[in-house]
Amino acid sequence: MWTRVRLWAGKLLLTLGIPGIIVNQTYDAAVTRATVRVHLGPLFSVVSVNGLDVYFHRLTGKIDGVGFSPAADYRSDEAR
């Protein structure tokens, strides 16, 4: 029942053009060795996956660009 309510509420919000909600967080997936980080700034929301940053405009939600940030545990002697 609760899943059906969430589905219809999500469809309504999508139809009205209301953006989704995201929060600052970091997620480490052990199975795929992926690190996903979400950072909210005043102009952009940045979603980073293994160092690849995707910048979303804070008000429109459109992709504004991409960038690269080395992982915190990166050491040059481990580079291929």
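Above this note sits the structure.
Residues numbered from 1 in each chain as written. Predicted model: local features only at pLDDT ≥ 70, side-chain atom pairs only at ≥ 80, totals over all residues. Heavy atoms only, no water.

Digging into unusual backbone geometry
Cut-off, in case you're wondering: Strands here are runs of E lasting at least two residues and helices are runs of H or I lasting at least four, both read from the DSSP assignment and numbered beginning at the N terminus.
We note that Arg33 has phi near 55 degrees; this positive angle belongs to a residue other than glycine. Looking at the element boundaries, Arg33 is found in the loop between strand S1 (25-29) and strand S2 (34-40).

Description of the sheet that holds strand S5 (residues 63-68)
The criterion, for reference: Two strands pair under a simple rule: DSSP has to find at least two bridges between them. Here, axes are lines fitted to C-alpha atoms. For helices the fit covers the stretch in contact, and angles between N-to-C directions go from 0 to 180 degrees.
Across the sheet, which stays open at both edges, the 5 strands sit in the order S1-S2-S3-S4-S5 with antiparallel pairing between neighbours. Of all strands in the sheet, those bounded by a partner on one side alone are S1 and S5. The average undirected angle you get between the axes of adjacent strands in this sheet is 15 degrees. Across 6 bridges, strand S3 (residues 44-49) lies against strand S4 (residues 52-57) in antiparallel orientation. Looking at S4, one finds that Ser48 is bridged to Asp53.

Quick look at the pairing of S4
Hairpin geometry of S3 and S4 is characterised by an intervening segment of 2 residues between the two adjacent antiparallel strands and by a positive phi of about 50 degrees at Asn50. Summarising the sheet, S4 and S5 pair through 5 bridges and their orientation is antiparallel. Note on S5: the bridge partner recorded for Leu52 is Phe68. Remark: 5 residues form the turn of the hairpin made by S4 and S5, two consecutive strands paired antiparallel; Gly61 in that turn has positive phi of roughly 85 degrees.

Topic: the side chain of Ser45
Rules: Throughout, a residue-residue contact means that at least one pair of heavy atoms, one from each residue, lies within 4.5 Å.
Relative to the elements of secondary structure, Ser45 occurs in strand S3. Once residues within four sequence positions are removed from consideration, Ser45 is found in contact with Ile22, His39, Leu40, Val54, Tyr55, Phe56 and Arg58.

With respect to helix H1 (residues 2-16)
Because each turn of an α-helix spans 3.6 residues, side chains separated by three or four positions end up pointing in the same direction. Filter applied, for reference: Here the expected length of a helix is defined as 1.5 Å per residue gap, with one fewer gap than residues. With a 1.4 Å probe rolled over the protein chains alone, any residue whose accessible area is under 20% of its type maximum counts as buried; one over 50% counts as exposed, and the rest are partly exposed.
Under the 1.5 Å per step criterion, the end-to-end length of H1 is 21 Å for 15 residues, consistent within 8% with the ideal 21 Å. In terms of burial, H1 is a largely surface element, 0 of the 15 residues being buried.

With respect to the pairing of S1
Note: S1 against S2, 5 bridges, orientation antiparallel. Bridged to Thr26 within S2 is Arg37. What sits between the antiparallel neighbours S1 and S2 is a turn of 4 residues, in which Arg33 has the positive phi angle 55 degrees.

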